[in-house]
Amino acid sequence: MNTTALELIQAAFPDVPCTSSIDAVVLTVQPEQLETTLSRLKNDPTLNFGLLLDVTGVDFLEYPTPQATRFLVVYTIRNWEKNMLVEVRVPVADPAVGIPTATKFWDSANWGERETYDQYGIVFQGHPDLRRILNHWQFQGHPLRKDYAIEKGQICYESDSLEKEIKDRLASKGVNKTTMEEINTEIMYLNLGPSHPATHGAIRILTALDGETILANVNEIGYLHRGFEKTAENRTYNQVIPLTDRLNYCSALMNNIAYAKAVESWLGVEITERAKFMRVILSEFFRVQDHLVCIAANLVDMGGLTNYWYLYNEKEASYDLISRLTGARLTSSFTRIGGMYRDFYEGWEADMETHLHGIEKGVSDSLKLVLKNRIVHDRTQNVCVMPADKALSYGYTGPCLRASGVPFDLRKDNPYYHYETFDFTIPLGSKGDIYDRIMIRYEEIFQSISIIRQAMKMMPAGPVFVSDNHVALPPKAEVYKNIEGLASHFKLIFEGVKAPAGEWYDSFEAANGELGFYFVSDGSGRPYKCKVRPPCFYMMSGFHEMVEGEMIADAVINLGSINIIGGELDR
Amino acid sequence: MALGLEASLGDTVLTTKLDAVINWGREYSLWPFVFGTACCAIEFMSAAASQLDISRWGAEVVRFSPRQADLLLVCGTISYKQAPILKRIYEQMPEPKWVVAMGACASSGGVYDNYCTVQGIDTIIPVDVYISGCPPRPEAVLDALMKIQDQIKGESVLNDRHKDFKGILD
């Protein structure tokens, strides 16, 4: 718990009840106080909460203890420099009337509030573009409300035209009929996706072009919305782990770890030392895998197919270690609440070293093709620049934020699993262009490899699972031989790990940025609510700022450079 | 030793059935359209990469225009929002065309039995081969490819395929 942050915020808001929940300070404010509170948090230099991480809602309809209102909106905001986190809770009396918007303070509130509107039907007064984002436009009702049946699917017969949105965006850029007459051309609308080779998954990028230059851009997501959050509400905590694999499927094990860490931190479970080191080694290994795929695909978009083979073949080779360890190539489901599924196999160190060596060689070979390559430089330098202030306002985290020169990395700023003891640096960009985003990923691969080697030397022997039978399954010998073991096995399987009632947020530095989980527990073995704070959702929300004024071909490589992964984007 | 017409034409001409020669051509030059939406698309990337090399089956010419493709590989979850797009892509592909549902989601909705996921793409378009797994191994993609090739062997140019299919969007 961050006591200085609690004192500071309580002093700044003497009339508002402040409590704390893990790392965060929790403020509950009424809708009429919301704007002043948010404005103060953002603009007061002593508070300086510049990074709105996430917006979500809660529906208390089936919550066992009665609440003041049925709906609640939660803003999770971070001061990245001082490692302070605040959660602003706003009770919503009538969702149709709603609460004031936060879009005037942070740009990331735009998509965050749209999602809350889509999923819960809570209106944000004054929001510039309040419409559905994950569900299709013909959808009726709001799926995350507790009275919406999970299996009630709704057929979509045709896609949204987005005509109004692109025209509004053009108008906001000052392009109207007279401009079109002046430039003596008609504006051409070009639609990339949702099924297009350049979109790396299902995203729709609609552009208005003057020649090859993008005048305006609007994007539509939600094509891979798979109902993660609603499904998670119907599962026990451990049963959610396979679903987390399928968030960012390029680094599945990192999501497993982030999720398990978030649940354990609320339960107060301290995992064993060996499990901590295992998690460090595996999450850095998967960070490398994620970056390999990202750079490989990005360079293919640029026409550098050779790089793809150099980088992707090393990833393919790494599947040997991953599948021998976890039993699966892509979707590993390797963590459990309270530890890891099992220990490393015998002789894994040599395998790991072989793979690390191979990756170093593949990356170095690829760098030889890229570093002095005039085409790569011309296409990426000073192209699609994201300045630091805008990146923060749009809720950027991870490599894309660091490319803009903001040195925020949870592994340094809010270390967990002994990250403070490892010797590594955080690569930073100077411009925030595509070049920086690619190069940061290259450098992070080398840094992660260094962390893995250090952790392999430091890793102690011992169990990888806590022995507390309220959290972890007892060993099979106990299950078969005594009644206590049998009983706790059944209780854990049927009822799940019981999390104390409450609300909490915990986050993890994943390959794409801050991957957070916001939970509401009613004391049972299933999450009452489980919201993912996906890093690339907010990156995509700022996409139009990067590409407007650039060429259409730049938009394609820019999309690759921010590493949009559909599973995480749309959940 | 040649018989009948071939015997009188010498060794410069071969006769065969029209179906046999066309199917032979189709079998070894399948041009896939990869409708990749999720995790399965990453495993398709592995099937195309050096280690497994899909070009050994003559199917490496991945087309991203449905008008140039004859094999639709649906790799990943299809949501209701995505469904009309999948249907349109299928309709834009010229005949003859084959469809592979890769993985549990495309085949049946998989783990996502909920409000936004289509419970199997065969409710929208006709499917020829299903691949199990979540995600399947890339070898399974190659296996599906061979199953499609086997299926092509038995087809006739005179018969239309799947003319009476009716899905939820029709």
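Computed from a predicted structure; not experimentally measured.

Scoring rules and cut-offs
- Residues numbered from 1 in each chain as written.
- Chains lettered and ligands numbered in written order.
- Predicted model: local features only at pLDDT ≥ 70, side-chain atom pairs only at ≥ 80, totals over all residues.
- Helix = DSSP H or I, 4+ residues; strand = E, 2+ residues; numbered from the N terminus.
- Buried ≥ 20, exposed ≤ 12 C-beta atoms within 10 Å, placed from the backbone.
- Rg over C-alpha atoms; globule rule 2.2 N^0.38 Å.
- Contact = placed C-beta atoms within 7 Å.
- Pairing = 2+ DSSP bridges.
- Axes fitted to C-alpha atoms, helices over the stretch in contact; angles between N-to-C directions.
- Domains from an automatic or database assignment.
- Nonpolar A, V, L, I, M, F, W, Y, C, P; charged D, E, K, R; others polar.
- Right-handed = clockwise from strand over helix to strand, strands pointing away.
- Arc of directions from axis to C-beta.
- Core = buried A, V, L, I, M, F, W, Y, C linked by C-beta atoms within 7 Å.
- pLDDT = per-residue confidence, 0-100.
- Parallel < 35°, antiparallel > 145°, perpendicular 65-115°, else oblique.
- Left-handed = near helix turned anticlockwise from the far one by under 90°.

Participant: Which residues make up the overall build of chain B, and what are the values?
Facilitator: A count of helical and extended segments in chain B gives 6 helices and 4 strands. Counting helices and strands in the order they occur from the N terminus, chain B gives α-α-β-α-β-α-β-α-β-α. Structurally, chain B occupies a C-alpha span of about 70 × 40 × 25 Å along its principal axes. Every one of the 170 residues in chain B was classed for burial, and the buried ones make up 46%.

Participant: Provide a residue-level description of the overall build of chain A, including the pertinent values.
Facilitator: The secondary structure content of chain A amounts to 22 helices and 15 strands. Its C-alpha radius of gyration of 24 Å places chain A within 12% of the 25 Å reference for a compact globule of 571 residues. Across the 571 residues in chain A, those meeting the buried criterion constitute 54%. The contacts in chain A between residues at least 6 apart in sequence include a share of 68% that link residues at least 24 apart.

Participant: Which residues make up the sheet that holds strand S15 (residues 529–533) of chain A, and what are the values?
Facilitator: All names here are of chain A. Spatially, 3 strands are ordered S13-S14-S15 in an open sheet, and the strand pairing comes out antiparallel. Looking along the sheet, the strands with just one partner apiece sit at the ends: strand S13 (502–510) and S15. Taking each pair of neighbouring strands and ignoring which way they run, the sheet shows an average axis angle of 15°. With 9 bridges connecting them, S13 and strand S14 (residues 513–521) associate as antiparallel partners. Bridge pairing links Ala510 to Gly513 in S14. Contacts from helix H8 (residues 252–267) reach S13 and S14, with the element oriented near 145° to S13.

Participant: Explain the domain arrangement of chain A residue by residue, including any values.
Facilitator: Much of the literature gives interface size as the accessible area that the parts lose upon coming together. All names here are of chain A. One can read the domain layout of chain A as domain 1 (3–125) and domain 2 (228–570). Of note, the centres of domain 1 and domain 2, computed from C-alpha atoms alone, are 27 Å apart. Between domain 1 and domain 2, the residue contacts involve 23 residues of the former and 27 residues of the latter. Contributing elements (two or more residues each) for the side of domain 1 that touches domain 2: strand S3 (51–59), strand S4 (71–79) and helix H3 (109–120). Residue contributions to the side of domain 1 that touches domain 2 peak at 6 residues, all from S3. Classifying every residue of the side of domain 1 that touches domain 2 by side-chain character gives 12 nonpolar, 7 polar and 4 charged.

Participant: If you had to explain the pairing of strand S3 (residues 98–102) of chain B to someone new, which residues and values would you point to?
Facilitator: Residues and elements named next belong to chain B. Burial of S3 is extensive: 5 of the 5 residues sit out of reach of the surface. Of the two faces of S3, the one holding Trp98, Val100 and Met102 and the one holding Val99 and Ala101 are both buried throughout. Alignment of strand S2 (residues 71–75) against S3, held across 5 bridges, turns out to be parallel. Its bridge partner lying in S3, Leu73 is registered against Val100. Regarding the hand of the β-α-β motif, the stretch spanning S3, helix H5 (residues 103–108) and strand S4 (residues 129–131) is right-handed.

Participant: Account for the interface of chain A and chain B, with residues named and values stated.
Facilitator: On the chain B side, the residues contacting the 41 residues of chain A number 34 residues. Contributions of two or more residues to the side of chain A that touches chain B are made by helix H6 (228–233), helix H7 (241–245), helix H10 (305–326) and helix H22 (566–570) of chain A. Broken down by element, the residue count for the side of chain A that touches chain B peaks at 4 residues, all from H10(A). Residues that form the side of chain A that touches chain B fall into these classes: 17 nonpolar, 16 polar and 8 charged.

Participant: Residue-level account of helix H3 (residues 39–48) of chain B, with values.
Facilitator: Of all 10 residues in H3(B), 10 are buried, a share of seventy percent or more. Among all positions in H3(B), only B:Cys39, B:Cys40, B:Ala41, B:Ile42, B:Glu43, B:Phe44, B:Met45, B:Ser46, B:Ala47 and B:Ala48 are buried.

Participant: Hey, could you go over unusual backbone geometry for me, with residue numbers and the actual values?
Facilitator: All names here are of chain B. For the bond from Glu95 to Pro96, the omega torsion is -5°, close enough to zero to count as cis. Its place among the elements puts Pro96 in the loop between helix H4 (83–92) and S3. Residue Cys134 is joined to Pro135 through a cis peptide bond whose omega torsion reads -10°. Relative to the assigned elements, Pro135 resides in the loop between S4 and helix H6 (138–153). Phi is positive for Asp53, which is not a glycine, with a value near 55°.

Participant: Give me the lowdown on helix H2 (residues 18–27) of chain B, citing residues and values where you can.
Facilitator: Residues and elements named next belong to chain B. Taken as a whole, H2 has its buried residues at Asn23, Arg26 and Glu27. One face of H2 carries all of its buried residues, which in axial projection span an arc of 95°. Exposed and facing more than 90 degrees away from the buried side of H2 are Leu18 and Gly25. On its buried face, H2 is in contact with H6.

Participant: Please provide a residue-by-residue account of the sheet that holds strand S9 (residues 204–210) of chain A, values included.
Facilitator: Each strand in a sheet pairs with its neighbour through backbone hydrogen bonds, running either in the same direction (parallel) or in the opposite one (antiparallel). Residues and elements named next belong to chain A. Taken together, the 3 strands give an open sheet; going across it, the order is S8-S9-S10, and neighbouring strands pair in antiparallel fashion. Two strands in the sheet have a free side with no partner beyond their single neighbour: strand S8 (188–192) and strand S10 (213–220). When the angles between neighbouring strand axes are averaged without regard to direction, this sheet yields 20°. Pairing analysis gives 7 bridges linking S9 to S10, with the strands arranged antiparallel. Paired with Arg204 across the strands is Glu220, a residue of S10. The sheet contacts of helix H4 (residues 163–172) involve S8, S9 and S10, and relative to S10 the element is tilted by about 140°. Helix H21 (residues 552–561) contacts S8, S9 and S10 of the sheet and is inclined by roughly 155° relative to S9.

Participant: Explain the nonpolar core to me, using residue names and the numbers behind them.
Facilitator: Across soluble globular proteins, nonpolar side chains show a tendency to be buried alongside one another. Counting 229 residues, the largest nonpolar core has A:Val86, B:Leu73, B:Val74 and B:Val100 as its most contacted members. Residue contributions to this core peak at 17 residues, all from helix H9 (residues 273–301) of chain A. Both domain 1 (3–125) and domain 2 (228–570) of chain A contribute no fewer than three residues apiece to this core. Contacts of B:Val74, omitting those with residues within four sequence positions, involve B:Phe35, B:Leu86, B:Val99, B:Val100, B:Ala101, B:Met102, B:Ala106 and B:Ile121.

Participant: If you had to explain the confidence of the model for chain A to someone new, which residues and values would you point to?
Facilitator: For chain A, mean pLDDT is 88; residues scoring 70 or higher make up 98% of the total. Taken element by element, chain A is modelled with least confidence in helix H5 (residues 177–182) of chain A, mean pLDDT 68, and with most confidence in helix H16 (residues 434–458) of chain A, mean pLDDT 93.

Participant: Requested: an account of the confidence of the model for chain B, with residues and values cited.
Facilitator: With 98% of its residues at a pLDDT of at least 70, chain B reaches an overall mean of 87. If you check the scores for this complex, the pTM reads 0.90 and the ipTM reads 0.86.

Participant: Give me the pairing of S10(A): which residues, what numbers.
Facilitator: For S10(A), a buried count of 7 out of 8 residues is recorded, marking the element as mostly surrounded by other parts of the structure. Count of turn residues in the S9(A)/S10(A) antiparallel hairpin: 2 residues, of which A:Gly211 carries a positive phi of about 65°.

Participant: Give a description of the packing of H2(B) against H6(B) that names residues and reports values.
Facilitator: A packed helix pair is summarised by two numbers, namely the angle formed by the two axes and the spacing between the axes. Residues and elements named next belong to chain B. Packing of H2 against H6 leaves a shortest axis separation of 9 Å and a crossing angle of 165°. It follows from the interaxial angle that H2 and H6 lie roughly antiparallel. Judged by the twist between their axes, the crossing of H2 over H6 is right-handed. Counting all contacts with H2, which are made through Asn23, Arg26 and Glu27, the residues of H6 involved are Gln149, Ile152 and Lys153. In terms of residue class, the contact of H2 with H6 is built from 1 nonpolar, 2 polar and 3 charged.

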